[in-house]
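Single-letter residue listing:
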Amino acid sequence: QVLLVESGGGLVQAGGSLRLSCAASGSIFSIKAMGWYRQAPGKQRELVAAITRAGSTNYADSVKGRFTISRDNAKNTVYLQMNSLKPEDTAVYYCNAAGWSDDYWGQGTQGTVSS
């Protein structure tokens with residue numbers, strides 16, 4: 001079992017920045033990759049960015065060049081640095097840990113970008 005605790009959401013003006021954190025605990029050895037998803041009202045949850053154990057990353061086209069995913073292995077924490085935020089980035093952001101046989105989710109953190 002893996003427990004994910006997110007933090008760092010909030011309200012920011014367009015063009016501003018937010019940094020999300022996701023601390024993992026439990027069966028860390030079972031995690032293949034970690035990522036951030038988001039879900040806006042009335043829309044499906046979508047992948048924003050992901051990072052594998054080997055450090056490979058991938059991003060949604062809509063956030064490339066603006067968002068950066070990184071990790072601190074010593075702290076079992078993954079970060080999402082979000083710059084040049086737009087109102088359309090407003091969503092609940094969820095941390096995900098992909099295991100070999102299970103997926104784990106955080107509780108979600110709200111990120112709101114005002115125009």
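Shown above is the structure to which this text applies.
Just so it is clear, the model here is predicted, and its values are computed rather than measured.

A. Just the sheet that holds strand 3 (residues 18–26), in detail. Spatially, 4 strands are ordered 1-3-8-7 in an open sheet, and the strand pairing comes out antiparallel. Two strands lie at the open edges of the sheet, namely strand 1 (2–7) and strand 7 (67–72), each paired on one side alone. For this sheet, the mean angle separating the axes of adjacent strands, direction not counted, is 20 degrees. Bridging between strand 3 and strand 8 (residues 77–82) involves 6 bridges; their strand directions are antiparallel. Within strand 8, the residue paired with Cys-22 across the bridge is Val-78.

B. Here's a closer look at the packing of aromatic side chains. Tallied over the entire structure, the rule returns 1 aromatic pair. Relative to Trp-105, the ring of Tyr-37 lies with its centre 5.0 Å away and its plane at 65 degrees, an arrangement referred to as edge-to-face. You can see Tyr-37 sitting in strand 4 (residues 31–39) and its partner Trp-105 sitting in strand 10 (residues 103–105), a full 68 residues away along the chain. Taking relative accessible area as the criterion, Trp-105 reaches 37% and is therefore assigned partly exposed. Sitting over the ring of Tyr-94, Arg-45 keeps its end group 3.7 Å from the ring centre.

Reading the values: rules and limits
- Each chain carries its own residue numbering, running from 1 in the written order of its sequence.
- For a predicted model such as this one, the threshold for reporting local features is a pLDDT of at least 70, and the threshold for listing and counting side-chain atom pairs is 80 or more; totals across whole chains, interfaces and linings nevertheless cover every residue.
- Here the side-chain values reflect all heavy atoms present in the structure, with hydrogen atoms and water set aside.
- One bridge is not enough; two strands pair if DSSP finds at least two bridges between them.
- Per the convention used, a helix needs a DSSP run of H or I reaching at least four residues, while a strand needs a run of E reaching at least two, with both numbered from the N terminus.
- Angles shown run from 0 to 180 degrees and are taken between the N-to-C directions of axes, each axis being a line fitted to C-alpha atoms and, for helices, limited to the stretch in contact.
- Between 30 and 60 degrees the pair is tilted, below 30 it is stacked and above 60 it is edge-to-face, where a pair is any two Phe, Tyr or Trp rings, Trp via its six-membered ring, whose centres lie within 6.5 Å.
- Burial status follows relative accessibility: with a 1.4 Å probe on protein chains alone, a residue under 20% of its type maximum counts as buried, one over 50% as exposed, and anything between as partly exposed.
- Only lysine NZ and arginine CZ atoms are considered, and such an atom sits over a ring when it is within 6 Å of the ring centre and within 35 degrees of the ring normal.

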